[in-house]
Amino acid sequence: MDFFEKIINALYSTMDTPQHFGWFHLTAIGITVLLCITFGILMRKSGEKGIRIFLIVTSILLLILELYKQILYTYNPSTGKWDYQWYVFPFQFCSVPMYVALIAGCCKKCKFRDFLYSFLATFGMFAGIITMILPDVFTNLIGNNIQTMVHHGSMIIIGVVLFTSKSVEFKHKTILKALSVFAVFVSIALLFDCAYIWLGGTETCNLFFISPYGQNHFPVFSDIQKISYPLFLGCYIVAFTLAAYIILLIAMFFNKLASCKKNKSQSSKIKTA
């Protein structure tokens, strides 16, 4: 066994599979909330350059952890063999934010970056929240569990930072910008899912879980897919967009609340003077 494989074997430390809302899950949620508050305050007035650096550093961290995850699911320490598992190909709904964050961080202010920011703050944040609350990705591998919590927690933190720094417009049209980015990724995922089968692929490869040749495992959606694939795809896009829009509406509410308090405070100072 070479030195590299010895290192890989050391990364396969195990634990009891974490329970939903058990100590590991609650600890991860608590740390995420704490970091959201911390970075939300620290990055609030960091400026454009600070936000870009934050996105680049965060995305690089997530990409390194993703590489680790790919190794975990590809190498079998008991046999010493490598066998890639296509079901973990890093182009799922929760995977794309790390690419988007890196690209957005490398872009100077422009409409294209505004679209990417809008996607990260709405669709990206929604994906992070839903997975953090209802994780179905826990295993007995310590590294995998840490990676998934860091990954999805970071998606929430990015959304908080973009909103608190006002890098995203608190307007209804923001969801349309985000939706256009989401639509592009859905189209790429669907094309890949179909091409994989057309080219003779036999393993499970269901990017975004929208493949017409695979089964979606989400409640309700799986039943709709059995009835009609076009109906399923339409419901999938509408439901995810609605969830992302709710994230935006909540952010708009808190922004308006903060503005009202600020105006009221300023009015009180003027009257006192």
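Residues numbered from 1 in each chain as written. Predicted model: local features only at pLDDT ≥ 70, side-chain atom pairs only at ≥ 80, totals over all residues. Heavy atoms only, no water.

**Student:** I tried to follow helix α5 (residues 111-133) on my own but got confused; where do I start?
**Tutor:** Spacing of three or four residues puts side chains on the same side of an α-helix, whose turn is 3.6 residues. Here α5 spans 32 Å end to end across 23 residues, near enough to the 33 Å set by a 1.5 Å rise per residue. At leucine 120, α5 shows its maximal bend, which comes to roughly 30°. (Helix = DSSP H or I, 4+ residues; strand = E, 2+ residues; numbered from the N terminus. Expected span 1.5 Å × (residues − 1). Bend = angle between axes of the 7 residues up to and from the residue.)

**Student:** Before we go on, may I ask you to explain the packing of aromatic side chains in this structure?
**Tutor:** Both the distance between ring centres and the angle between the ring planes are used here to describe each pair of aromatic rings. All chains considered together, the criterion is met by 34 aromatic pairs. Residues tryptophan 86 and tyrosine 196 carry aromatic rings whose centres are separated by 5.5 Å and whose planes lie at 50° to one another, so their mutual orientation is tilted. One end of the pair, tryptophan 86, is in the loop between β2 (81-82) and α4 (96-106); the other, tyrosine 196, is in helix α7 (residues 174-198), with 110 residues separating them in the sequence. Look at tryptophan 86 and you get partly exposed, because its relative accessible area is 27%. Under the relative-accessibility criterion, tyrosine 196 is labelled buried at 11%. A ring pair is formed by phenylalanine 123 and phenylalanine 182, whose centres lie 4.5 Å apart and whose planes are at 15°; its orientation type is stacked. Remark: phenylalanine 182 occurs in helix α7 and phenylalanine 123 occurs in helix α5; sequence separation between them is 59 residues. For phenylalanine 182, a relative accessible area of 1% puts it in the buried group. (Phe/Tyr/Trp six-rings, centres within 6.5 Å; stacked < 30°, edge-to-face > 60°. Buried < 20%, exposed > 50% of the residue type's maximum accessible area, 1.4 Å probe, protein only.)

**Student:** Can you walk me through the side chain of histidine 152 in this structure?
**Tutor:** For histidine 152, the position within the fold is in helix α6 (residues 142-164). Using a relative accessible area of 7% as the deciding quantity, one classes histidine 152 as buried. Within the structure, the side chain of histidine 152 is placed 2.7 Å from the backbone oxygen of threonine 148, a separation counted as a polar contact. Those residues in contact with histidine 152 that sit more than four places away from it in its chain are Cys94, Ala127, Gly128, Thr131 and Met132. (Polar contact = N/O pair within 3.5 Å; in protein donor to acceptor, adjacent residues only side chain to side chain. Contact = heavy atoms within 4.5 Å.)

**Student:** Honestly, the packing of helix α3 (residues 47-74) against α4 in this entry has me stumped. Any pointers?
**Tutor:** A packed helix pair is summarised by two numbers, namely the angle formed by the two axes and the spacing between the axes. Their axes nearest at 8 Å, the elements α3 and α4 cross at an angle of 145°. When the axes of α3 and α4 are compared, the crossing they make is left-handed. Counting all contacts with α3, which are made through Arg52, Leu55, Ile56, Ser59, Ile60, Leu62, Leu63 and Glu66, the residues of α4 involved are Met98, Tyr99, Ala101, Leu102, Ala104, Gly105 and Cys106. (Axes fitted to C-alpha atoms, helices over the stretch in contact; angles between N-to-C directions. Left-handed = near helix turned anticlockwise from the far one by under 90°.)

**Student:** For this particular structure, what's the right way to read the packing of α5 against α7?
**Tutor:** Look at α5 against α7: their axes get within 8 Å of each other, and the N-to-C directions meet at 90°. With respect to α7, the element α5 is oriented roughly perpendicular. Of α7, the residues touching α5 (which contributes Asp114, Phe115, Leu116, Ser118, Phe119, Thr122 and Phe123) are Thr174, Ile175, Lys177, Ala178, Leu179, Ser180, Val181, Phe182 and Phe185. For the contact of α5 with α7, a count of residues per class yields 10 nonpolar, four polar and two charged. (Parallel < 35°, antiparallel > 145°, perpendicular 65-115°, else oblique. Nonpolar A, V, L, I, M, F, W, Y, C, P; charged D, E, K, R; others polar.)

**Student:** Which parts of the structure should I look at to understand the environment of tryptophan 86?
**Tutor:** Sequence spacing of tryptophan 86 and glutamate 203 is 117 residues, and the spatial spacing of their C-alpha atoms is 6.6 Å. Excluding its chain neighbours within four sequence positions, the residues that come into contact with tryptophan 86 are Phe192, Tyr196, Glu203, Thr204 and Cys205.

**Student:** Mind showing me how you'd approach the pattern of salt bridges here?
**Tutor:** Proximity of charged atoms lets side chains of opposite charge pair with each other. With the rule as written, the count across this model stands at four salt bridges. As a salt-bridge pair, arginine 113 and glutamate 48 come within 3.0 Å of each other at their nearest N and O atoms. With a gap of 65 residues between them, arginine 113 in helix α5 and glutamate 48 in helix α3 connect regions that are remote in the sequence. For glutamate 169, the salt bridge goes to lysine 173, with nearest N and O atoms at 3.9 Å. Shared partners join several salt bridges into a network, and the residues in it are Glu169, Lys171, Lys173 and Lys177. (Salt bridge = Lys/Arg side-chain N within 4 Å of Asp/Glu carboxyl O.)

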